[in-house]
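Observations on the three-dimensional arrangement
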Amino acid sequence: MATAAPVASPPRKWIHIPRPLQKLFDTFPLLAYDGNALPARAQSATFGDLPTLYVFSTEEAALLGAPSFNPSCLKWQTFLKLAGVKFQILPSTNHASPTGALPFILPKRSSPTDAPSPIPSSKFHEYALKFGTSSPPEVPALRLDAYQTLLDVPIRNAWLQALYRDPEYTDLLDRLYISPASSSFWVRGALRHQLRRAAESEILKTGPGGTASTALTLLVDEQAVYRAAVNALEALATLLSESNTGWFFGAETPTLFDASVFAYTHLMIKYMSDGKSERQGEEGSIFAERRLGNIVRRAGSGELGGHHRRLFELLWPVDSSTVFLTDKA
Amino acid sequence: MTLELHVWGPAFGLPSIDAECLATVTYFAQTLSAADYLLVQSSPSAVPSHHLPALYNPSTATWTSGFDPIVSYLSTLQPPSYHHPDVTTLPARVNADSQAYQALLTSSAAPLLALSLYVSSANYAETTRPAYSAILPFPLPWTEPLAVRASMAARAAHLGMSSLDTDAEMERLEKEEREREAAGWVQVPKALRKALGQNTGVKGQLSPEMKRRIKLEGLAAEVFDVLGEIDFLEEEEEETTEGEEGEGRQRIKVTLETKCLAFAYLALMLFPDVPRPWLKEVLQRKYAGLCEFVVEYRKKTFLETGRPLPWADKETDPAVSAADSALSVMGRFVRAVVDDIPTLGREWTRWWSLRQRRVAEETSTESQQLVVRRSVGESENGLLLAGVGLTLMAVNVVGLGIYSYRYRGLLGAPLQTWHKPLVVSSLGAAGAMFAGLV
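Residues numbered from 1 in each chain as written. Chains lettered and ligands numbered in written order. Predicted model: local features only at pLDDT ≥ 70, side-chain atom pairs only at ≥ 80, totals over all residues.

Once that is clear, we can look at the overall build of chain A. Scanning chain A for helices and strands turns up 14 helices and four strands. The 329 residues of chain A split such that 38% are buried. Here the analysis covers contacts within chain A between residues at least 6 apart in sequence; of these, 67% occur between residues at least 24 apart. (Helix = DSSP H or I, 4+ residues; strand = E, 2+ residues; numbered from the N terminus. Buried ≥ 20, exposed ≤ 12 C-beta atoms within 10 Å, placed from the backbone. Contact = placed C-beta atoms within 7 Å.)

In structure tokens:
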């Protein structure tokens, strides 16, 4: 069989591009776009004479320097303020952080092209001592470690359980973490599911209610989680009642431990309490009620509530908005 | 009324192999007389909460599990012989401190123990696995210790010591090796590789525990230093403190619960005879006070009393023999195997435990049973939905596959035939000669 002779072959090249590929590239020519410019906000927001603290927050709240709604962010925000460090706040997410977790600080830039390296939260303590005006006292007590675990395990577990797994706070969860991330219904659903499973595995890892879990435990024992949190808050209230300065461990001024306690008590009181806390306490069992804010207020003889109020008034004076605007000017 | 306390079985000369169970047994031995409770040797798959220790109260059919919940349940129940020595007399401070130290024990002593007994391959293979095999009925040692080890490894993961698990480490190295070979880069022949390998020199000869010794000791010291502040043996201390009032170093007093928990963790660190005893050595060398407490406490609680622990008799006790029958053991084994199926197994186990918990709650006649508000995501329809979804997806995939293969001719017609055209003239001169004949 005779082969068909090539018709009008194109000028010879060293490399032959196969016909289909040639067609494809003719239809969709390869075009390299210029790099995107930085968002306008980035320049104006981070180029100031203040270092920037990136936390979970909202635009408006960040402008006012209001407390963040994430416990670990709020802890460091409080501590930096206690140490007298001057900084501004920008809302952010975990994806923006070099360590994968908020908060972090971006020091102030000296020139627009300067790229300062971010400071992760593990180095905040030194940073605060270096740049702060007043250094919060160190607590020598070895018991500090033990009481710190109360915050890290039972109280944190209760916060996770309430915010992520309690149907009553679904709206709150959406408002704080889900809605800012995406506007798509499906993405929100997936995100919510992921966050919930993550919170669940966090609680299970430390055991139901802070007790060692052995194996095959897949369910969180909610009652145990809340009971452990109640006991932990009682213990903190007792510890506080022994101090005659009003701060933990008898320190003259608030310390890092006060900031860590405040981070949880503030959020619990702000988001998880209702007005009628005092009255309702008598009738129902304390465990039947899941409002963490009320539990905080009621712990001991109200020491934790008082501690929260004192620290809040110290750092965020009453009319916070005007104070902050004048501060910045 | 006899309470049933379901715990992991005895090992290493201690009443239970699990720290939390051991703490509960210790607490029971000190606060209850042996007539009021029965110890049942069990495993998590046999109880509705899937968590040991579990306390069953037959008069109300109520299950309680976990050390803290059991202790607080016991103090509301008040069995006849129950005596809790120090509830009202103690200052609030002691209770607060005990809460804190209990949280510390479970959150940092437990990972240490996990490193020593479960993560370290040598210790696990030599000591822990045989101990589990001795206390579990036959096919269960194939599944349950593995699950325990996995969860223990997860608890200790944040300490960054997974290299103690040499099995996992070898697997990882082999996988990397295979990947390198698959990638087809320059390969060093096996005979030469030996000389380059890591198994030479002093470092190669060291066990992973030795390599990490300093880090491990640091981890242990962090925990033991804090525990060392506690005044465990207060009986003897009482006399000395009378005289030495001026001594500035004040030691912390704790409740009985905290002592039981501390004893349980420390005893499991001290008594097992492991091939890589780093944790034991640290404890013995630097923290003599803690060792003394553990030995004394064990003697006082279990050895000197002369009263044996009330273990349930396997043959005579109906509650135990039912749970230990061949059928139920097989059921537990099959459930554990099903749990290992990727993704679906987990969902199934979740559904099963939810169901068991609901049944347990419904059968309980406890009057003060609180109305539990279900957390999100704890509905029993999850498995059903997942199953329906997966089945639909599988049907779709298979159907589409058949359809496109059979009818759309994506791979061509199902039957292909070729015919070779017979052209004799193409055979050259001979062909031309015969062309006329065809």
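With that out of the way, let us pick up the overall build of chain B. In terms of helices and strands, chain B carries 19 helices and four strands. Looking at chain B residue by residue over its 438 residues, the buried ones come to 34%. Contacts in chain B between residues far apart in sequence, at least 24 positions, make up 73% of those at least 6 positions apart.

Residues and elements named next belong to chain B. Buried residues dominate strand S1 (residues 3-7), accounting for five of its five residues. Two elements, S1 and strand S2 (residues 37-41), share five bridges in a ladder whose sense is parallel. In the sheet register, His-6 faces S2, and the bridge partner there is Val-40. Each parallel crossover has a hand, and the one from S1 via helix H1 (residues 19-31) to S2 is right-handed. In terms of strand pairing, S1 meets strand S3 (residues 54-57) through three bridges, oriented antiparallel. Each residue of the ladder has a partner; that of Glu-4, found in S3, is Tyr-56. (Pairing = 2+ DSSP bridges. Right-handed = clockwise from strand over helix to strand, strands pointing away.)

Here we take up helix H16 (residues 326-339) of chain B. Residues three or four positions apart in an α-helix share a direction because the helix packs 3.6 residues into each turn. All names here are of chain B. Relative to the 20 Å expected for 14 residues at 1.5 Å per residue, H16 spans 20 Å between its end C-alpha atoms, a close match to the ideal helical length. Within H16, the full set of buried residues consists of Arg-332, Ala-336 and Asp-339. In an axial view of H16, the angular spread of the buried residues amounts to 60°, which keeps them on one side of the axis. More than 90 degrees from the buried face of H16, the exposed residues found are Ala-326, Leu-327 and Val-334. (Expected span 1.5 Å × (residues − 1). Arc of directions from axis to C-beta.)

So, about the packing of helix H6 (residues 143-165) of chain A against helix H10 (residues 256-271) of chain A. Residues and elements named next belong to chain A. Put simply, H6 and H10 touch, their axes get as near as 11 Å, and they point 15° apart. One element, H6, and the other, H10, form an angle in the roughly parallel class. At the point where H6 passes H10, the crossing takes the left-handed sense. Counted together, Leu-144, Leu-151, Ile-155 and Trp-159 of H6 and Phe-257, Ser-260, Val-261 and Tyr-264 of H10 form the full contact between these two elements. Split by residue class, the contact of H6 with H10 holds seven nonpolar, one polar and no charged. (Axes fitted to C-alpha atoms, helices over the stretch in contact; angles between N-to-C directions. Parallel < 35°, antiparallel > 145°, perpendicular 65-115°, else oblique. Left-handed = near helix turned anticlockwise from the far one by under 90°. Nonpolar A, V, L, I, M, F, W, Y, C, P; charged D, E, K, R; others polar.)

All names here are of chain A. Domain boundaries in chain A define domain 1 (48-106) and domain 2 (143-317). With 10 residues of domain 1 at the interface, the matching set in domain 2 holds 14 residues. Its residues placed into classes, the side of domain 1 that touches domain 2 shows six nonpolar, two polar and two charged. (Domains from an automatic or database assignment.)

Further remarks concern the environment of Pro111(B). Inspection of the secondary structure assignment puts Pro111(B) in helix H3 (residues 92-119). Apart from the residues lying within four places of it in its own chain, the contact partners of Pro111(B) are Arg155(B), Ala156(B) and Leu159(B).

Our next topic: the UniProt feature "domain: Metaxin glutathione S-transferase" (unreviewed entry) in chain A. Here, the residues flagged by UniProt with the feature "domain: Metaxin glutathione S-transferase" (unreviewed entry) are residues 231-273 of chain A. With 65% helix and 0% strand, residues 231-273 of chain A has its two end C-alpha atoms placed 18 Å apart. (UniProt positions renumbered as here; feature names shortened; annotations may be inferred.)

With that settled, consider the packing of H6(A) against helix H8 (residues 185-205) of chain A. Residues and elements named next belong to chain A. Packing of H6 against H8 brings their axes to within 10 Å, and their N-to-C directions diverge by 155°. What the angle tells us is that H6 and H8 run roughly antiparallel. Crossing hand, H6 versus H8: left-handed. Across from Asn-157, Leu-160, Gln-161, Tyr-164 and Arg-165 in H6, the residues of H8 making contact are Leu-195, Arg-196, Ala-199, Glu-200, Glu-202 and Ile-203. Residue composition of the contact of H6 with H8, grouped by class: five nonpolar, two polar and four charged.

Moving on, we come to the confidence of the model for chain B. All names here are of chain B. In this model, chain B carries a mean pLDDT of 78, and residues with pLDDT of at least 70 account for 77%. Across chain B, element-level confidence peaks in helix H12 (residues 256-270) with a mean pLDDT of 91 and bottoms out in helix H11 (residues 234-243) with 44. This stretch, residues 236-249, has a pLDDT under 50; its non-local contacts, to residues over four places away or in other chains, come to one contact. Residue range residues 367-373 is modelled with pLDDT below 50. Its contacts to residues more than four positions away, or to other chains, number eight contacts. Under the prediction, the complex receives an ipTM of 0.74, its pTM being 0.77. (pLDDT = per-residue confidence, 0-100.)

What follows concerns the environment of Ser45(B). Along the chain, the position of Ser45(B) falls in the loop between S2 and S3. Along the primary structure Ser45(B) and Gly66(B) are separated by 21 residues, whereas in three dimensions their C-alpha atoms are 15 Å apart.

Attention now moves to the sheet that holds strand S3 (residues 104-106) of chain A. Residues and elements named next belong to chain A. Strand order in the open sheet formed by four strands is S2-S1-S3-S4, and the pairing between neighbours is mixed. The open sheet has two free edges, formed respectively by strand S2 (88-91) and strand S4 (119-120), since each of these has just one partner strand. Alignment of strand S1 (residues 52-55) against S2, held across four bridges, turns out to be parallel. If you follow Val-55 over to S2, its bridge partner there is Pro-91.

Okay, the sheet that holds strand S4 (residues 62-65) of chain B next. All names here are of chain B. Strand order in the open sheet formed by four strands is S2-S1-S3-S4, and the pairing between neighbours is mixed. The open sheet is flanked by S2 and S4, the only strands paired with a single partner. Going across the sheet, the axis of each strand differs from the next one's by a mean of 25°, ignoring polarity. Sheet contacts for helix H2 (residues 67-77): S3 and S4; angle to S4, the most-contacted strand, approximately 130°.

All names here are of chain B. Relative to S4, S3 runs antiparallel, the two being bridged by four bridges. Paired with Leu-55 across the strands is Thr-64, a residue of S4. Here S3 folds back onto S4, and the loop between the two strands holds four residues, one of which, Ala-61, carries a positive phi near 55°.

Let us look at the nonpolar core. Ranked by size, the top nonpolar core spans 154 residues in total, and within it Leu150(A), Leu233(A), Leu236(A), Leu113(B), Ala264(B) and Tyr265(B) carry the most contacts. The element that contributes the greatest number of residues to this core is H3(B), accounting for 15 residues. The residues that make up this core include at least three from each of domain 1 (48-106) and domain 2 (143-317) of chain A. (Core = buried A, V, L, I, M, F, W, Y, C linked by C-beta atoms within 7 Å.)

Residues Leu102(A) and Pro103(A) are joined by a peptide bond in cis, for which omega reads 0°. Assignment of secondary structure puts Pro103(A) in the loop between S2 and S3. The omega angle of the peptide bond from Leu52(B) to Pro53(B) is 0°, so this bond is cis rather than trans. Looking at the element boundaries, Pro53(B) is found in the loop between S2 and S3. Even without being glycine, Phe249(A) reaches a positive phi, approximately 60°. Among the secondary structure elements, Phe249(A) is positioned in the loop between helix H9 (222-242) and H10. The exposure class of Phe249(A) is partly exposed, given the 19 C-beta atoms found within 10 Å.

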